[in-house]
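Given next are the chains, with one letter for each unit.
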Amino acid sequence: MAASSHDLKEIRIVMVGKTGVGKSKVGNSLLQKTAFASSPFGISQTTQCEFGTRMLEDGNKLVIVDTPGLFDTRKSNQETETEIGRCINLSSPGPHVIFFVMSIGRFTAEERDTINNLKHIFGEQVMNFVVCIFTSKDALTNSAITLDQFLEKCPDTVKSIIKECNGRCVAINNYADPVNLANDVEDVLHAVRETIKSNGGKHYTGAMYEAAEKVYQEYLQQIEEEKNKRERELDEKERKLEEEMKEKTQKLEEEMEKQRLKDEEEQRKIEEEKQKLLGRRRELEREREIKSQEMEERRKKIEEEMASEAEKNRIEIEKKRKNLELERERQEKEIETKNQKIEMERKRQNQVQIAQDKETELQKIEHERITREAEEEQRRLEDMRLELERAEKEAEKKRLEAIARERTLANEKQIFEAELKKRDHEMEESRKQLEKEKERLEQKKKQQNEEIRKKKLAAEEEMKREKMAAEEERRQAEKELEDRREQFRRAIAKSEAWISGLKKFGLVLLSIFVPPAGIPLLVEEFKRN
């Protein structure tokens, strides 16, 4: 039986075949990714039914269900029933194509048994949806034969299977280079589209698929309701997180604004202090300039006074010296004149010895008087010389005092300059302290901004962690739903297997208690019901 799909937006394919023929590798080639575990040594890696998906270029979603040797006679009935139920659930509401995968090489009766079991479980019409896929296409290339030539020489069992499939068969080399593999994949997809087209776009269904689809749709609705409930809860949590984040962000912004205003106030105070220091520095510079001008004027005045005093002293000393020289010359001339007079008088007295005897005493007294006068004059000249020396010493003393005053002025200038340097140093230290205070404030501002940024990042990280926790909770819920879905599928599969066993048991009972002629009529009635 077959049923049409609403819109062909999903192409479902189920792969069957004996263990180790390369079903998983075919699925990976079609999906263009490693969706199923596979081994290149013919060792089965698939233990239960699995599925993989891929979006095709035409907008359809390709869904492939891989089966682990679905009709392997070495498995128990329970294992086979479980995997059939899982296969039905994974491909529900029904596959569009069933791949019967075989490997080019030696064929066994297992291929025929697989087809018989497939028809027994799903009905004779299932062959309208089967496409034979031959793996190991490289064996044909190495033997230089085509697939049609190979099919002509293959066993009758394989020919009958291909005939039941209306000749639908494709070969693929899963280990070919990318170009040839892409060509093989395109051939397989072309066969899939042709099969869907030949079936009018319908997918295969049956009693099992209809029952599973009904239960599956109810279960999907339940899952959707739970999912919507979880999403609403998660949305509410996310909304609360966003509100908390918004509140935290607003608080951080308020703190940043307060800190900014505080920093601006501190910056304003620093600028005011800096302006005061600059004003004080300008005042000190003006004061230093005024004092420098005063000291320069005093120095010039002292130098002028010293030069004038020295000039006066020099003129006076020079005048006294000239007077002394003139006086000395006059005294010397006078003494010379008196000596000449005395000598002339002595000569005259010698001539007039007699006349002089009486006057000798007078001349002696006069000589002594003159000598005394000369000595007195000599002493007076000596006193004048001493006075001149004293004047010179006084001038030297005044010169030394002027030098001392000049040195005092120089010392005062040095002291004033030292004081200015000290004040400049203090101002420089104050400026450096202000710069350090400014740097400290900037560093503090940076630290506060960094703390605010870290708080913001911490808040964002907290929000991310809470979102991740919410996402993890959502994934856990989805996983729980998937586990419940899997348990439900297994229960459905077991129920279907139990119903199938019950049907077979009923047929056995009919064969025991009903005459042989009436069994076909009862079976037909049972099938209709």
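Below or above, wherever it landed, is the structure these notes cover. (Residues numbered from 1 in each chain as written. Predicted model: local features only at pLDDT ≥ 70, side-chain atom pairs only at ≥ 80, totals over all residues. Heavy atoms only, no water.)

1. Quick word on the nonpolar core
Inference 1: Judged by nonpolar contacts, the single largest core of 33 residues is most densely connected at Phe100, Cys132, Phe134, Leu147, Phe150 and Leu151.
Inference 2: The residues contacting Leu151, other than those within four sequence positions of it, are Phe134, Lys159, Ile162 and Cys169.
Inference 3: One finds Ile11, Val97, Val131 and Ile172 within the second-largest nonpolar core, a separate group that totals 26 residues. (Core = buried A, V, L, I, M, F, W, Y, C linked by side-chain atoms within 4.5 Å. Buried < 20%, exposed > 50% of the residue type's maximum accessible area, 1.4 Å probe, protein only. Contact = heavy atoms within 4.5 Å.)

2. Here we look at unusual backbone geometry
Inference 1: In this structure, Gln32 is a non-glycine residue whose phi angle is positive, near 60°.
Inference 2: Its location among the elements puts Gln32 in the loop between helix H1 (23–31) and strand E3 (50–55).
Inference 3: A residue is classified by how much of its surface remains accessible, and Gln32, at 58% relative accessible area, is exposed.
Inference 4: The backbone phi angle of Asn166 is positive, close to 60°, even though this residue is not glycine.
Inference 5: Inspection of the secondary structure assignment puts Asn166 in the loop between helix H6 (156–164) and strand E7 (169–171). (Helix = DSSP H or I, 4+ residues; strand = E, 2+ residues; numbered from the N terminus.)

3. Here we look at H6
Inference 1: Turning to H6, its buried residues number three or more, namely Val158, Ile161 and Ile162. The buried residues of H6 all sit within an arc of 95° when viewed along its axis, so they share a single face. For H6, exposure combined with an orientation more than 90 degrees from the buried face picks out Asp156 and Lys163.
Inference 2: Just downstream of H6 lies Asn166, where phi reads positive at about 60°. (Arc of directions from axis to C-beta.)

4. Description of the pattern of salt bridges
Inference 1: Overall, the coordinates contain 23 salt bridges when judged by the stated rule.
Inference 2: Of the charged contacts, one joins Lys291 and Glu287 as a salt bridge, the two residues approaching to 3.7 Å between their closest N and O atoms. Of the two residues, Lys291 and Glu287 are both situated in helix H8 (residues 207–351); the distance of four residues between them amounts to about one turn of the helix.
Inference 3: When the shortest N-O distance is used, the salt bridge between Glu334 and Arg330 registers 3.2 Å. On the criterion of helical spacing, the pair formed by Glu334 and Arg330 is a turn pair, its members being four residues apart in helix H8.
Inference 4: Given the relative accessible area of 30%, Glu334 is considered partly exposed.
Inference 5: One salt-bridge network, held together by shared partners, links Glu327, Arg330, Glu334 and Arg380. (Salt bridge = Lys/Arg side-chain N within 4 Å of Asp/Glu carboxyl O.)

5. Here we look at the side chain of Thr67
Inference 1: On the secondary structure map, Thr67 appears in the loop between strand E4 (61–66) and helix H2 (77–91).
Inference 2: With a relative accessible area of 1%, Thr67 lands in the buried category.
Inference 3: With sequence-adjacent residues up to four places away left out, Thr67 is seen in contact with Val14, Met15, Val16, Lys23, Cys49 and Cys87.

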